[in-house]
Amino acid sequence: MTLRPPPSSDRPAGRAPAPARLAAHRARRARRALVGAAAGTLLAATSVAGQGQGNAQRVAVSRLADLTFGLVVGGIPASIRPEDPAAAQFEVTLRGQPPHAVTLTLMLPRELTSGADRLPIHFDATSAAWATRDAPDARTAFDPARGTTVTLDQRGPKSILVWIGGVLEPGPTQPSGDYAELITITAVEN
Amino acid sequence: MRSPLFLAATLALGTLAGGRPLHAQASANASTTVSADVVTGLTILKVADVEFGVVPAGSGPNVLLATDAGAGRFSLLGQPGRQVTVTIAAPAALMSGASSIAYAGAASVNENADDPAAATPVPVGPSFTMRLRDPSPGQNRRLGHLYLHGAVTVAPTAPPGVYTGTVTVTAEQ
């Protein structure tokens, strides 16, 4: 289950930095795991609070969903495509006078961590996609490691959706555990 | 006093500035969490309990199929290609205090996909073997699927109540 938080840019200033939120995320997940074990029920990970900041509110980025692989078996690669419901999802909203050209860049992890353990993750040329809010099925794939630039015309929409998948490569002797890391997207209006 | 020409030039400049405001580059960012729970060895997950629902006294057998919504579900996770030995231990009766109703357990497995309609019957009680298949794309987190179902028979004299029992699934590789 993924809980959708309110738009990131609406959050008050002074929120916890990303590493602190990741630690809080792990603590919450550990508590949920204990509850799940007692009830005999497997609970999917829920999302955590997003982070966002805008320049005079002319461009805003909101996180709509996390990238959640769920259970992964050691030795078996696990892939999530952008069209998968488990993919991460962001919304980029542009305000002000069109036309707009916005450049999207991403900070991607090379591995997820669980204490001292590392779990490799990689992204390929079609691991990300974007579409306008009013035509979410007309997606354009892009390489999240290279980013992309989206141009919205005079009368077009001012909001785009961005999806991010990825591929996990757990080794045959991968230690079991709860692995996590952050992806950060930056939108710059040109 | 400004000349008419000067005023016209001033208005024109104002219109240009208003038509496309000059501004600094704007940016924003947000973060998302990537997460995964890695399991090793052989793991059995209970996905759903067996639920017969309301059954009337004096009825039976009330049959629950693998494809019914009330069927129980387990998932087996482990190294693909491994053969595992599975044992299902089910009670002969469901209990409500000192009262009981007869339960005839049944089970089926699907080694290839989470699809009870294509599952193969397996015994309840004696051990059987199944192989964990290589997962297809999008199904890399569930390698074997087991469905529990069966039938309950309720005597006419059975008192109303909630009757329960425990089914235990064990697997070894």
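Small disclaimer: the values here were computed from a predicted structure and weren't measured.

A. Structural detail: the overall build of chain B. Looking only at helices and strands, chain B has 1 helix and 11 strands in total. Split into buried and exposed, the 173 residues of chain B put 29% on the buried side. In chain B, the share of contacts with a sequence separation of at least 24, taken over all contacts with a separation of at least 6, comes to 75%.

B. Spotlight on the overall build of chain A. Along chain A, the regular secondary structure elements total 1 helix and 13 strands. For chain A, the succession of helices and strands along the chain, N to C, is α-β-β-β-β-β-β-β-β-β-β-β-β-β. A buried classification covers 35% of the 190 residues belonging to chain A. Contacts spanning at least 24 positions in sequence make up 74% of the contacts within chain A whose residues lie at least 6 apart.

C. Up close: the environment of A:Leu104. All names here are of chain A. Residue position: leucine 104 is located in strand S5 (residues 100–107). Spatially, the C-alpha atoms of leucine 104 and threonine 148 are 5.4 Å apart, while their sequence positions differ by 44 residues. With residues near it in sequence (within four places) discarded, leucine 104 still touches Gly147, Thr148, Val150, Val162, Ile185 and Ala187.

D. Inspection of the sheet that holds strand S4 (residues 88–94) of chain A at higher detail. Residues and elements named next belong to chain A. Read from one edge to the other, the open sheet built from 5 strands follows the order S1-S4-S11-S8-S9, with strand pairing classed as antiparallel. Of all the strands in the sheet, just strand S1 (59–65) and strand S9 (140–142) have a single pairing partner and so form its edges. On average, adjacent strands in this sheet sit at an angle of 25 degrees to one another, irrespective of strand direction. Pairing geometry for S1 and S4, over 6 bridges, is antiparallel. Each bridged residue has a counterpart across the sheet, and for arginine 63 the counterpart in S4 is phenylalanine 90.

E. Layout of the nonpolar core. Membership of the largest hydrophobic core comes to 67 residues, with the highest contact counts inside it found for A:Val92, A:Val162, A:Ile183 and A:Ile185. If near-sequence neighbours (up to four positions away) are discounted, A:Val92 is found in contact with A:Val59, A:Val61, A:Val102, A:Ser159, A:Ile160, A:Val162 and A:Ala187. Membership of the second largest hydrophobic core comes to 7 residues, among which are B:Leu94, B:Ile101, B:Val152 and B:Val154.

F. Layout of the sheet that holds strand S9 (residues 128–131) of chain B. Residue and element names in this part refer to chain B. Pairing in this open sheet of 3 strands is antiparallel, and the strands run S9-S5-S11 from one edge to the other. Strands at the two margins of the open sheet, each flanked by one partner only, are S9 and strand S11 (168–172). For this sheet, the mean angle separating the axes of adjacent strands, direction not counted, is 35 degrees. Relative to S11, strand S5 (residues 83–89) is paired through 5 bridges, and the arrangement is antiparallel. Pairing of isoleucine 88 across the sheet is with valine 169, part of S11.

G. Main features of the confidence of the model for chain B. Residues and elements named next belong to chain B. When the pLDDT values of chain B are averaged, the result is 81; 80% of them are 70 or greater. Between the elements of chain B, mean pLDDT differs from a low of 32, seen in helix H1 (residues 4–19), to a high of 95, seen in strand S8 (residues 120–122). Taken as a whole, residues 1–23 scores under 50 in pLDDT and shows 4 contacts with residues more than four places along the chain or in a different chain. Prediction confidence for the complex, expressed as pTM and ipTM, is 0.62 and 0.71 respectively.

H. Focus on the confidence of the model for chain A. All names here are of chain A. Averaged over chain A, the pLDDT score is 75; the fraction of residues at 70 or greater is 68%. Note that pLDDT drops below 50 for residues 1–17; the model gives that stretch 31 contacts with residues more than four away or on any other chain. This stretch, residues 30–56, has a pLDDT under 50; its non-local contacts, to residues over four places away or in other chains, come to 55 contacts.

I. How the structure looks around the pairing of strand S11 (residues 159–164) of chain A. All names here are of chain A. With 6 bridges joining them, S4 and S11 adopt antiparallel strand pairing. In the sheet register, glutamine 89 faces S11, and the bridge partner there is tryptophan 163. Pairing analysis gives 5 bridges linking strand S8 (residues 128–132) to S11, with the strands arranged antiparallel. Residue pairing for S11: threonine 132 is matched across the bridge by isoleucine 160.

J. Spatial organisation of the environment of B:Met95. Residues and elements named next belong to chain B. Mapped onto the secondary structure, methionine 95 falls in strand S6 (residues 93–96). Note: C-alpha distance between methionine 95 and tyrosine 163 (68 residues apart in sequence) is 4.8 Å. For methionine 95, the contacting residues outside a window of four places in its chain are Ser100, Tyr163, Thr164 and Gly165.

Criteria and thresholds
- Residues numbered from 1 in each chain as written.
- Chains lettered and ligands numbered in written order.
- Predicted model: local features only at pLDDT ≥ 70, side-chain atom pairs only at ≥ 80, totals over all residues.
- Helix = DSSP H or I, 4+ residues; strand = E, 2+ residues; numbered from the N terminus.
- Buried ≥ 20, exposed ≤ 12 C-beta atoms within 10 Å, placed from the backbone.
- Contact = placed C-beta atoms within 7 Å.
- Pairing = 2+ DSSP bridges.
- Axes fitted to C-alpha atoms, helices over the stretch in contact; angles between N-to-C directions.
- Core = buried A, V, L, I, M, F, W, Y, C linked by C-beta atoms within 7 Å.
- pLDDT = per-residue confidence, 0-100.

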